[in-house]
Each structure stands twice: as C-alpha cells, then as structure tokens.
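# Structural characterization, general
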Amino acid sequence: MKTSGSGIALLRGFEGVRHTAYKDQAGRWTTGAGHLIKLPAEQNLLAATLTDAEIDALLARDAGVAEASVSQQVKVPLTQNRFDALVSLVYNIGDGAFASSTVLQKINGGAPEAEVRAAWAMWDKVTDPATKQHKVSDDLVKRRKAEADLYFGG
C-alpha cells in the first residue's frame, strides 16, 4: 500500500512545513515536513532553503520508509485509513521504535480497541534536550488521538 493523498496531508499538518532547518521539540535538526537531518551526511540541509519540490521529495522518501515498515511488520489486513494512521505513527516515532512497540504487538495480536488505543497513547512524550527527561507533549497527545481515531474510525 501507499499513503493516500489525505494521509500525506495529515503528515504535513502534524509535522508542519518549514523551508529552513530548525530544532524540533527534542532538539534534533529538522527541515521540510519533519525530515530529521542526518549528520554529517546531510550537513548541507542545515543552511539550505528548500523548495516545495525538495520538501515533497524528502517527505515522499521518509513516508516510503514508514510505508515499508508498516507493510512488513503489520500482519493483519489494513484499510487505507488504518494504513495512513500507522504510517503517521511510524513517520514520527521511527521504524525501529514501531517494530518493538506495544502498538504493533496489540494490532498483530488482535487486541480490543481500548488496548490498542492505550498502547498508541503511550507515544505522547518527547525528551527534553536540556534535562534529558521525558515529558508529555500536548502536540503529541493530540496527534496520537487523531491517529488512533483515524485508525478506528475509517
């Protein structure tokens, strides 16, 4: 499966779109639509002003990684909405974290909705770059709810 147009719009909405590099909530260099800059390989992106086409290309590449992860790891049939919701989650937490997540275990195990939602909601924290402590992010709380609602509502 591929992420739908509305799924890409959802990613853009959650990630925001910036043409220049910035530090995300966790203090990591980011650009475009939530693209984590890989240093030193992508050092040039720190000073770059991206075009819309370059942002779209990075988003497509990063979404492709998330799509592959969902396709390989989820063992139950998915509707387009469920696929889009999972791609959004993986795009944000990473494919490694998703592979070992309780969310994936619950989905593959056929757990009831309440258990999957509870597992999904656990991904609401960001590591404060100054203190290295995990703290709840209001933005991630909203994102996780929207993703779970899409997963179960569509």
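Report follows, based on the coordinates. Treat the numbers as computed from the prediction; the structure is a model and nothing was measured.

Spatial ordering of the open sheet is given by S1-S2-S3, a layout of 3 strands whose pairing is antiparallel. Two strands lie at the open edges of the sheet, namely strand S1 (18–23) and strand S3 (35–36), each paired on one side alone. When S1 meets strand S2 (residues 29–32), the two strands line up antiparallel, connected through 3 bridges. Bridged to Tyr22 within S2 is Thr30.

Following both chains from N to C, one finds helix H2 (residues 52–73) and helix H3 (residues 80–93) inclined at 115°, their axes separated by 8 Å at the closest point. One element, H2, and the other, H3, form an angle in the roughly perpendicular class. Classified by chirality, the crossing of H3 by H2 is right-handed. Where H2 abuts H3, its residues Leu59, Asp62, Ala63, Ala66, Glu67, Ser69, Val70 and Ser71 lie against Phe83, Leu86, Val87, Val90 and Tyr91. Class assignment for the residues of the contact of H2 with H3 results in 9 nonpolar, 2 polar and 2 charged.

Right, let's get into the packing of aromatic side chains. Summed over the entire model, instances satisfying the criterion amount to 2 aromatic pairs. With a centroid separation of 5.4 Å and 55° between ring planes, the pair formed by Trp120 and Tyr151 is classed as tilted. Of this pair, Trp120 sits in helix H6 (residues 113–121) while Tyr151 sits in helix H7 (residues 138–153), and the two are 31 residues apart along the sequence. Exposure class is identical for Trp120 and Tyr151. Each is buried. Here Tyr151 and Phe152 contribute two aromatic rings whose centre-to-centre distance is 4.9 Å and whose plane-to-plane angle is 75°, an arrangement assigned as edge-to-face. Three or more aromatic residues joined by ring pairs make a cluster, and in this case those are Trp120, Tyr151 and Phe152.

What follows covers the pattern of salt bridges. Inspection of every chain in the model, using the stated rule, returns 13 salt bridges. With its nearest N and O atoms 3.0 Å apart, the salt bridge here joins Arg143 to Glu147. On the criterion of helical spacing, the pair formed by Arg143 and Glu147 is a turn pair, its members being 4 residues apart in helix H7. Pair check on accessibility: Arg143 and Glu147 agree, each one buried.

The rules we used
- Residues numbered from 1 in each chain as written.
- Predicted model: local features only at pLDDT ≥ 70, side-chain atom pairs only at ≥ 80, totals over all residues.
- Heavy atoms only, no water.
- Pairing = 2+ DSSP bridges.
- Helix = DSSP H or I, 4+ residues; strand = E, 2+ residues; numbered from the N terminus.
- Axes fitted to C-alpha atoms, helices over the stretch in contact; angles between N-to-C directions.
- Parallel < 35°, antiparallel > 145°, perpendicular 65-115°, else oblique.
- Left-handed = near helix turned anticlockwise from the far one by under 90°.
- Contact = heavy atoms within 4.5 Å.
- Nonpolar A, V, L, I, M, F, W, Y, C, P; charged D, E, K, R; others polar.
- Phe/Tyr/Trp six-rings, centres within 6.5 Å; stacked < 30°, edge-to-face > 60°.
- Buried < 20%, exposed > 50% of the residue type's maximum accessible area, 1.4 Å probe, protein only.
- Salt bridge = Lys/Arg side-chain N within 4 Å of Asp/Glu carboxyl O.

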